[in-house]
Structures are given as C-alpha cells and as structure tokens.
Amino acid sequence: MGIKTYNTLLYIFFPFIIFFFFLRVALGKEDKKRFLEKLSFISKKRPKGEIVWVHACSVGEVRSSYNIIKNFLKNDYKVLVTTNTYLSSLDVKNTFSKNVLHQYLPLDINFFIKKFLKYWKPKKVILIESEIWPNVIYITNKFNIPLFLIQARFSKNSIKKWHIFSNFFKNMLEKFTIIIPQSFLDKKKLAKYTTNKMHIVANLKLSSDKLKLSIKEKDNLKKYLDKRVVLTAASTHKGEEEIIINNLKDLIYKTNTLLIIQPRHPSRSKKIISLLKKKNLAFKQRSKKEFPSSATKVYLFDTFGETGLLMSVSYIIILGGTLVSIGGHNPIEAAQFGKRIIVGPYINKIEEIIKEFLAHNGIEKINKNEQLGQVVAKLINDKKYSKKLSLNAKTLTLKYLNTASFIYEKIEGIQ
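Draft legend 1. The arrangement of the environment of T403 in detail. Looking at where T403 falls in the secondary structure, it is placed in helix α19 (residues 403-412). Separated by 195 residues in the primary sequence, T403 and S208 have C-alpha atoms spaced 9.1 Å apart. Residues contacting T403, with those up to four places away along its chain left out, are A202, N203 and S207.

Dropping the structure here:
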C-alpha cells in the first residue's frame, strides 16, 4: 500500500468516518465546543513570527514535550501544540502563556491537513512517540518542512500491524529528518524499517519538570490526613481499583492507612464510587470539595491538574496502568517527589526505565497482583528500607535533567 491507495480508501470511507466522528460528538467523546477543529476549522488567529508545530496524542505525551516547548519559547518561537484529547487541551491551557496555542489535530484527510499546514505555515514539525499520520507526514515533507519524530516508541502489537504494510511504513519513516527513539529497544525495532541512523536515544518523560502544586492547598489537605499513612494509586485504569481494594482491604482496616485513588480519567468516578459502595468502604470525593475524616478509608481524587499536590502528600505510590495490560505510566513524577513506588507486572511501555530503577534499588516491582499487600506492608513497616528506596528513586531522576536541551539543540540545528 502507498499514499495514493491510503487516500483512495479514506475517500471511499469518508462518509462513514464523518458519521462515526459526529456519533462520538453526540456521545460526549469529543470536545463539543471545539470539535470542528478536527475538521480543520481554525479557531485561533496565527501570530506573527516563526511557529514550531508539536503534536502529541494525550496528556502524558504532551507533558513530556513541555521542556522542548520552553526551549523554543526562550528563543522567540511561537509554538502550536496539537493533541487528540480534551484533557490534554486543558493541560496545555493551564501550563502555558499566549505564546503557546492549542488546536486539535485534524482528521488525517488529505485536504484537511493541507488546509491546516497552509494556514499555520510551521517552520518545523515535531511528532511525539508513535503519532504516525500518513498525510501529516507526506504533506509536511512535500511542503519541505523539516519533520522530527522524537522519543519514538512502538509496542510489539503496533510494529506487527505496521509490518503488514512494511514498505508503506518504511516510506513514511524515511520522510523524517531526525528520528530519536526513547529506548534502545525501540531503536532496535525501528532499525528494520528505516535507514535513519538514529544516533541519539532519549526519553523526554525522564527530564520533565517536577509537578507544580499549591503549598496552601498542601498545608490545608495535610490537616485532614491526621498522621495517616497515605497510600496512593495514581493514574488507575478500569479493573485496577478492584485489584487494589481486594488486595489491600484488610491492611486499610487494620492500620492507620488512607487509600487515595486517582483515576487516569476522572470521568470514571461514578463507576469507582459504585465499587466502593459495593465493598462497603467509607469514602470522600475530591471533586465535591470533600476532605477525608478519621473514618474515611478511601479518598477519591477525581480532579484534573492536581497530581503534584497528590504526589506531595503521598507516602507510597502504586503506579497505574501496571496492574492491568495497559503497560504503565511514567514513574519519574513520583520519583522526583522521593516517593516509594510500586509497579505491577504490566510494564511494557516503561520497561527500560523500570529496569534501571530496579538496578539502582529505586522501585518495587510485583510479579503477581496478589503480592501487592505484602509489598505495601513491607514499605510501611521497614522504615530503613523504605527510606532508602525513596532516596534512590529521587537521586536517579537527577541524571536525566539535560535531555530536553540536548534534543532541542539537535532539532534547532536543522534549518
């Protein structure tokens, strides 16, 4: 398959693509105020000056690009950030000034992408991780705009899918000026499909700034924690809350421990509340501005933009996405706060960084979810070991601080 075949198929199925898109809008799965941006309707005026376009899929990927964006801003660029999700749009809005504009990425239809590029006229285009959109890549290249794929990451499943269209995949990868894999494992996977030498391996998530928080909010929240051990399940996915509760219910009841659950998607809070009621666990809800009392067993942290606050008051962090087959989320945020971090068996997205943390005794990994209670109890009771684990985790984050500047210099060196 080539780009012509790809576009022919898109034109044939265009009515169905539009139908399902508007169905998603009707079901509340798209931003109802700004959904037309995905049809290449521009909602913001292009500022004067040179623009760099950065595209990331969702919150984790876009956050990892922030230090790169800051480097461009320091050098008088304007930055256009495109994402696919509503939560990521909020994150961009809450983090940056007017010099960073956010738009949703248009659907990868030839004429949508042409219109988008002709309007914004970016000097450089940066795609994050596995954001391989054929028309974005081909048309950007046709317009002679330097194109970069940074912290490239492809799962085994996505590589298998692309292998079916290996010539098409190879052709797309050859359009990139620079490809920077996020791990040596990803470099090895990509080497089969591109002649790009990929001299650099770097992961921006490892050099992210420490999450910000309100000291006033922290001091206020700590009043309600009443010297309790705060055990946080951060960025949880469907199925993980039940695994955590089933394995920790006895510990929560028998010790002075407060379990905080922070769902990756706060919209799941109703289902989590149903589970807590079913398990007869007394809970309070952050989004309702409630605070935990001495009788509270679970505090549902179902808000957005307060992860820094959550990390700051936690003692132990169970990393979401590792107890079910999601593949895990970035452990660096918790490590920067010097927390005791536990990951489950499913770490395929973060495998290399977890291996490094394990090698430096900076993280606890369980091979079976049934081991969760035992490991949590160990971290609560063995103060000496627990302190060493947290110190090792925090120290390890210091080695990644210059990654963003290094990548920026490589990108900026291409004219």
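On we go from here.
Draft legend 2. Structural view of the packing of aromatic side chains. For the structure on display, the rule yields 23 aromatic pairs. Taken together, a centroid distance of 5.8 Å and an interplanar angle of 65° make the contact between F14 and F111 edge-to-face. You can see F14 sitting in helix α2 (residues 14-26) and its partner F111 sitting in helix α6 (residues 110-120), a full 97 residues away along the chain. On the basis of relative accessibility, which here comes to 40%, the residue F111 falls in the partly exposed class. Between Y138 and F168 the ring centres are 6.2 Å apart and the planes differ by 20°, which places this aromatic pair in the stacked class. With Y138 in helix α7 (residues 134-142) and F168 in helix α9 (residues 166-173), this pair connects stretches of sequence that are 30 residues apart. As far as burial versus exposure is concerned, Y138 and F168 are alike and both buried.

Draft legend 3. A look at the pairing of strand β2 (residues 78-83). Taking burial as the measure, the six residues of β2 include five buried ones, the bulk of the element. As judged from the five bridges shared by strand β1 (residues 51-55) and β2, these two strands associate in the parallel manner. Counted as the bridge partner of V54 is V81 from β2. Examined bridge by bridge, β2 and strand β3 (residues 100-104) share five bridges and lie parallel to one another. Bridged to V79 within β3 is V100.

Draft legend 4. Quick peek at the pattern of salt bridges. Summed over all chains, the structure comprises 13 salt bridges. Taking the shortest distance from any N to any O, the salt bridge between R268 and E241 comes out at 2.8 Å. Taken together, the residues span a long stretch of sequence, with R268 in the loop between β8 (257-263) and α13 (269-278) and E241 in helix α12 (residues 240-254) at a distance of 27 residues. The same class applies to R268 as to E241, namely buried. Bridged by salt links that share partners, the residues R24, E30 and K38 form one connected network.

Draft legend 5. Focus on a nonpolar patch on the surface. A cluster of nonpolar residues, M1, L9, I12, F13, F16, F19, F20, L23, L27, I164 and F165, forms a patch on the protein surface that exposes about 1100 Å² of accessible area. Within the residue set of the nonpolar patch, elements represented by two or more residues are α1 (3-12) and α2. If one sorts the elements of the nonpolar patch by residue count, α2 sits on top with four residues. Along the chain, the position of F16 falls in helix α2.

Draft legend 6. Just the sheet that holds strand β5 (residues 147-152), in detail. The six strands are arranged β3-β2-β1-β4-β5-β6 in an open sheet whose pairing can be described as parallel. Where the open sheet ends on each side, the last strands, each with one partner, are β3 and β6 (178-181). Going from strand to strand, the sheet's axes swing by 20° on average, the running direction of each strand aside. Pairing of strand β4 (residues 124-128) with β5, which is carried by four bridges, proceeds in the parallel orientation.

Draft legend 7. Structural context of the environment of I363. Positionally, I363 belongs in the loop between α16 (351-359) and β13 (364-365). Taking C-alpha positions, I363 is 27 Å from S214, a pair spaced 149 residues apart along the chain. For I363, the residues in contact, after removing those within four places along its chain, are P331, I341, V343, I354, F357, L358 and L389.

Draft legend 8. Quick peek at the pairing of strand β7 (residues 229-236). Of all eight residues in β7, eight are buried; the element is thus mostly enclosed. Summarising the sheet, β7 and β8 pair through seven bridges and their orientation is parallel. Bridging across to β8, T232 finds its partner in I260. Handedness of the β7-α12-β8 crossover: right-handed. Bridging between β7 and strand β11 (residues 316-319) involves four bridges; their strand directions are parallel. Bridge pairing in β11 links L231 to I316.

What counts, and where the lines are drawn
Residues numbered from 1 in each chain as written. Predicted model: local features only at pLDDT ≥ 70, side-chain atom pairs only at ≥ 80, totals over all residues. Heavy atoms only, no water. Helix = DSSP H or I, 4+ residues; strand = E, 2+ residues; numbered from the N terminus. Contact = heavy atoms within 4.5 Å. Phe/Tyr/Trp six-rings, centres within 6.5 Å; stacked < 30°, edge-to-face > 60°. Buried < 20%, exposed > 50% of the residue type's maximum accessible area, 1.4 Å probe, protein only. Pairing = 2+ DSSP bridges. Salt bridge = Lys/Arg side-chain N within 4 Å of Asp/Glu carboxyl O. Patch = residues over 30% accessible without salt bridge, like charges linked within 9 Å, V, L, I, M, F, W, Y side chains within 5 Å. Areas by Shrake-Rupley, 256 points an atom, 1.4 Å probe, with all protein chains shown as cover. Axes fitted to C-alpha atoms, helices over the stretch in contact; angles between N-to-C directions. Right-handed = clockwise from strand over helix to strand, strands pointing away.

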